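Descriptive analysis of the structure
The chain contents come next:
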Amino acid sequence: MQPLLNIRNVTKRFVRNLPVVEDLCFEVYAGEIFALLGPSGCGKTTTLRLIAGFERADAGEIYVDGQCFEGSKTHLPPEARDIGIVFQEYALFPHLNVLQNVAFGLRKLSAKLRDERVATVLDMVGMTAFKYRKPHQLSGGQQQRVALARSIAPNPKLILLDEPFSNLDAGLRHSTREEIRTLLKDAGMSAVFITHDREEALCFADRLAVMHGGRIEQIGTPETVYRRPETPFVADFLGATNLIDGEAEGNCAETLLGKCQILPSAHGPVLLSVRPEHLVMVPSDTAGQNNGIGEIVTREFKGHDLTYRVKVGAESYVVQTDYCCPLQVGAQVALQAVEPAVVVKQNVPLP
Ligand code: ATP
């Protein structure tokens, strides 16, 4: 299947010729919601601006629907790219009402077609009842829906969303996220959105790219990047994790916690990632001889779950259990991984 958006080896440099994004490659397919996730300064906004045509690439190509938008001899201006953008701060015209804001990008249509299209998209985002209101008379979530309606109205090939939920408070962010994902899916829109919020990327995107220092470290479905990280950075950025040294021999590795299953198989020194919810604590008197015994040093009750810190030798490990685990600080326990540990680095130099 041909991708809708195809980013090939794109590099962008600003000052002192240092690349801000380097050799980026990814594809987005029709109807897919794709996230660029990474910490501040990793190059997410620059990538979005390159796709939109606000920046020129120093190397590489960008294709949309098979057409070259960006290349060594090509730079299609933003207005010719058929791409809709939803900005972080919504960027609605304050002096225009909802109807006029949405109609703004449809000036080329006849009045009749324009009115019909505006009515359709306002209905789609559930804002018909608010059509005569000005942006300042709407909540943040409502403004976000109008911004989405405005970008969808011209029926673009692709929508770009710049940190779309960051201006909303926690409760509204959650519900708006669900609504907007449903809207995009119902409309069959393809979208690229950028965020530094891992939870947002995991629950909003069909696939995501994890960026670090201007490069993509891993691309995959939310489940894959969370459960099978390929680098220490991805393991750590996608959620709490324990990074554990081991000596691998095929599907197993010797670690301070004892022998554990690993994925993928490897040989020699490795660094392993084990999520806190994949470790269980076993009372020391029932643990096998090969398991390192440790002591619980902290216990944090968080309502629906508990987080423990367990010290084994000089290392400490984080363990997450359900809310009713009775073990207390000071207890002697062994730790066992209930899922295979994930190899995030091979040939790790010995300490
Ligand atoms: P944030 O989440 O904070 O918005 P980001 O991942 O979107 O960060 P970018 O805004 O793409 O990152 O910036 C990446 C790097 O490029 C930063 O170091 C930034 O200072 C630099 N940069 C971005 N735009 C320019 C510019 N026009 N001129 C010079 N440097 C720039």
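Residues numbered from 1 in each chain as written. Predicted model: local features only at pLDDT ≥ 70, side-chain atom pairs only at ≥ 80, totals over all residues. Heavy atoms only, no water.

Quick look at the site of the ligand
Applicable threshold: Being near a molecule or strand, for a residue, comes down to having at least one heavy atom within 4 Å of it. Definition of a polar contact: a pair of N or O atoms within 3.5 Å, with one able to donate and the other able to accept a hydrogen when the atoms are protein atoms, and with sequence-neighbouring residues admitted only if both atoms are side-chain atoms. Note that accessible areas follow from Shrake-Rupley with a 1.4 Å probe, and for residues the cover is restricted to the protein chains shown. Numbering goes from the N terminus for both helices and strands, where a helix is a DSSP run of H or I of at least four residues and a strand is a run of E of at least two. Polar here means any residue other than Ala, Val, Leu, Ile, Met, Phe, Trp, Tyr, Cys and Pro, which are nonpolar, and Asp, Glu, Lys and Arg, which are charged; Gly is therefore polar.
The immediate surroundings of the ligand are formed by Phe14, Val20, Pro39, Ser40, Gly41, Cys42, Gly43, Lys44, Thr45, Thr46 and Glu163. With respect to the ligand, the backbone of glycine 41 contributes an N or O atom lying 2.8 Å from an oxygen atom. Taking 640 Å² as the accessible area of the ligand by itself, protein coverage stands at 57%. At three residues, helix H1 (residues 44-52) tops the list of elements feeding residues into the shell around the ligand. In terms of residue class, the shell around the ligand is made up of four nonpolar, five polar and two charged.

Examining the packing of aromatic side chains
Our working rule: Working definition: a ring pair exists when centres of Phe, Tyr or Trp rings (six-membered ring for Trp) sit within 6.5 Å. Plane angles under 30 degrees give stacked, over 60 give edge-to-face, the rest tilted. Residue exposure (1.4 Å probe, protein chains only): buried if accessible area is under 20% of the type maximum, exposed if over 50%, otherwise partly exposed. Only lysine NZ and arginine CZ atoms are considered, and such an atom sits over a ring when it is within 6 Å of the ring centre and within 35 degrees of the ring normal.
Throughout the structure, instances matching the rule amount to five aromatic pairs. Considering the side-chain rings of phenylalanine 165 and phenylalanine 204, the 5.2 Å spacing of their centres and the 70° angle between planes classify their relative orientation as edge-to-face. With phenylalanine 165 in the loop between strand E8 (158-162) and helix H5 (170-187) and phenylalanine 204 in helix H6 (residues 198-204), this residue pair connects regions lying 39 residues apart in the sequence. Here phenylalanine 165 falls in the buried class, since its relative accessible area comes to 0%. Following the ring pairs from residue to residue traces out a cluster consisting of Phe165, Phe193 and Phe204. Its end group placed over the ring of phenylalanine 104, arginine 107 keeps NZ or CZ at 4.1 Å from the ring centre. Across the ring face of tyrosine 226, the terminal group of arginine 275 is positioned such that the distance to the ring centre comes to 4.2 Å.

Concerning the domain arrangement of the chain
This is how it is decided: Domain delimitation follows an automatic or database domain assignment. Every residue pair with non-hydrogen atoms within 4.5 Å of one another is taken to be in contact. Put simply, buried area is how much 1.4 Å-probe accessible surface two parts lose in total, over both of them, once they are put together. Put simply, a salt bridge is a Lys or Arg side-chain nitrogen that is within 4 Å of an Asp or Glu carboxyl oxygen.
Per the domain assignment, the segments of the chain are domain 1 (5-234) and domain 2 (241-346). The distance between the C-alpha centroids of domain 1 and domain 2 comes to 39 Å. Opposite the nine residues of domain 1 that make contact, domain 2 presents twelve residues. Buried area between domain 1 and domain 2, both sides added, is near 810 Å², and the carbon and sulfur share of it is 52%. Of all residues in domain 1, Tyr226, Arg228 and Pro232 give up the largest surface area on contact with domain 2, accounting jointly for 60% of the area buried on that side. The interface formed by domain 1 and domain 2 holds one salt bridge in total. Glutamate 339 serves as the salt-bridge partner of arginine 227, at 2.8 Å between the closest nitrogen and oxygen. Our enumeration of links across domain 1 and domain 2 arrives at three residue pairs in polar contact (both at pLDDT 80 or more).

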